Amino acid sequence: MNKELCFILENKNVYLDHILVDYEYVPIFFLCKDDECQYYLALCTDIENGEYIVVKISLLSVYNLLHGNIAMRDVILNQKIFWKVVSGDEIKNDIVNEYPIDYINHQDLPEKDAKFKILQKHIKEYVQKFDKEFFALEQYNKEEWWREILQTLSTDI
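Residues numbered from 1 in each chain as written. Predicted model: local features only at pLDDT ≥ 70, side-chain atom pairs only at ≥ 80, totals over all residues. Heavy atoms only, no water.

Draft legend 1. Examining the overall build of the protein more closely. Of the regular secondary structure elements, the protein holds 4 helices and 7 strands. Start at the N end of the protein and walk to the C end: the helices and strands fall as β-β-β-β-β-α-α-β-β-α-α. Counting all 157 residues of the protein, 38% fall into the buried class. Of the roughly 10200 Å² of accessible surface on the protein, a fraction of 49% belongs to carbon and sulfur atoms. (Helix = DSSP H or I, 4+ residues; strand = E, 2+ residues; numbered from the N terminus. Buried < 20%, exposed > 50% of the residue type's maximum accessible area, 1.4 Å probe, protein only. Areas by Shrake-Rupley, 256 points an atom, 1.4 Å probe, with all protein chains shown as cover.)

Draft legend 2. Just the sheet that holds strand S6 (residues 81–86), in detail. One open sheet accounts for 7 strands, arranged S1-S2-S3-S4-S5-S6-S7; its pairing is antiparallel. The open sheet has two free edges, formed respectively by strand S1 (5–9) and strand S7 (95–100), since each of these has just one partner strand. Between one strand axis and the next, the sheet turns by 30° as a mean value, whatever way the strands run. Two elements, strand S3 (residues 26–34) and strand S4 (residues 39–46), share 5 bridges in a ladder whose sense is antiparallel. Across the sheet, residue Phe 30 finds its bridge partner in S4, namely Ala 42. Packing of helix H3 (residues 121–136) onto the sheet brings it into contact with strand S2 (12–23), S3 and S4, and relative to S2 it is tilted by some 135°. (Pairing = 2+ DSSP bridges. Axes fitted to C-alpha atoms, helices over the stretch in contact; angles between N-to-C directions. Contact = heavy atoms within 4.5 Å.)

Draft legend 3. Representation of the packing of aromatic side chains in the model. Tallied over the full model, the rule gives 9 aromatic pairs. Judged by centre distance (6.0 Å) and plane angle (85°), the ring pair of Phe 30 and Tyr 52 falls under edge-to-face. You can see Phe 30 sitting in strand S3 and its partner Tyr 52 sitting in strand S5 (residues 51–57), a full 22 residues away along the chain. Comparing Phe 30 with Tyr 52, the two get one shared label, buried. By the ring-pair criterion, three or more aromatic residues cluster together here, those being Tyr 39, Tyr 63, Phe 130 and Phe 134. (Phe/Tyr/Trp six-rings, centres within 6.5 Å; stacked < 30°, edge-to-face > 60°.)

Draft legend 4. Quick peek at the packing of helix H1 (residues 59–66) against H3. Two elements in contact, H1 and H3, have axes separated by 11 Å at closest approach and are oriented at 145°. Helix-helix and strand crossings are classified by hand; for H1 and H3 the assignment is left-handed. Residues Leu 59, Leu 60, Val 62, Tyr 63 and Leu 66 of H1 lie in contact with H3, whose contacting residues are Tyr 126, Val 127, Phe 130, Asp 131, Phe 134 and Phe 135. When the residues that make up the contact of H1 with H3 are grouped by side-chain class, the tally is 10 nonpolar, no polar and 1 charged. (Left-handed = near helix turned anticlockwise from the far one by under 90°. Nonpolar A, V, L, I, M, F, W, Y, C, P; charged D, E, K, R; others polar.)

Draft legend 5. Local environment of the environment of Leu 20. Here Leu 20 lies in strand S2. Considering only alpha carbons, one finds Leu 20 and Leu 31, 11 residues apart in sequence, at a separation of 7.3 Å. Not counting the four nearest positions on each side in its chain, Leu 20 is found in contact with Phe 29, Phe 30, Leu 31, Leu 65, Leu 66, Phe 116 and Ile 123.

Draft legend 6. Looking closely at the pattern of salt bridges. One pass over the structure, following the stated rule, counts 7 salt bridges. The partner of Asp 35 in a salt bridge is Lys 3, and the shortest N-O contact between them spans 3.0 Å. With Asp 35 in the loop between S3 and S4 and Lys 3 in the segment before S1, this residue pair connects regions lying 32 residues apart in the sequence. Salt-bridge contacts for Lys 12 lead to Glu 36; the nearest nitrogen and oxygen are separated by 3.4 Å. With Lys 12 in strand S2 and Glu 36 in the loop between S3 and S4, the pair connects residues that are 24 residues apart, well separated along the chain. For Lys 12, a relative accessible area of 27% corresponds to the partly exposed category. (Salt bridge = Lys/Arg side-chain N within 4 Å of Asp/Glu carboxyl O.)

Note that every value here comes from positions in space, so none of it alone points to a role or purpose.
This is the structure:
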């Protein structure tokens, strides 16, 4: 299977994993992974100019996003940093800048309480496949998982 390169962040190739929302076949909200299986969430903020917000997210955040347990906006805002990417004529020519999450323009983000919903068969199949891998990961550190759950719950209070 050919991996589709989306971004180069911190000298790592970041590939398209699955499109969650598209507009006229242009990915608007999508998941990516690097060669180490680290997940990234990308949001297109300007289709005409090819501008994106990209954040690195944990496995548990992907799970919570896909199952509508957390607002899409919060998945982004719960990170420490984000990358603003402006597409060049080739990926190596993209303009990539890293910022603290406080610098993000909230108007670019999904609505405050909007949660992801599975509306298409291909997404349902992707979520089922993701869930199998998520629950089968033997090396997944349960201690870290619980710490992240507790942190998520404490921010919701």
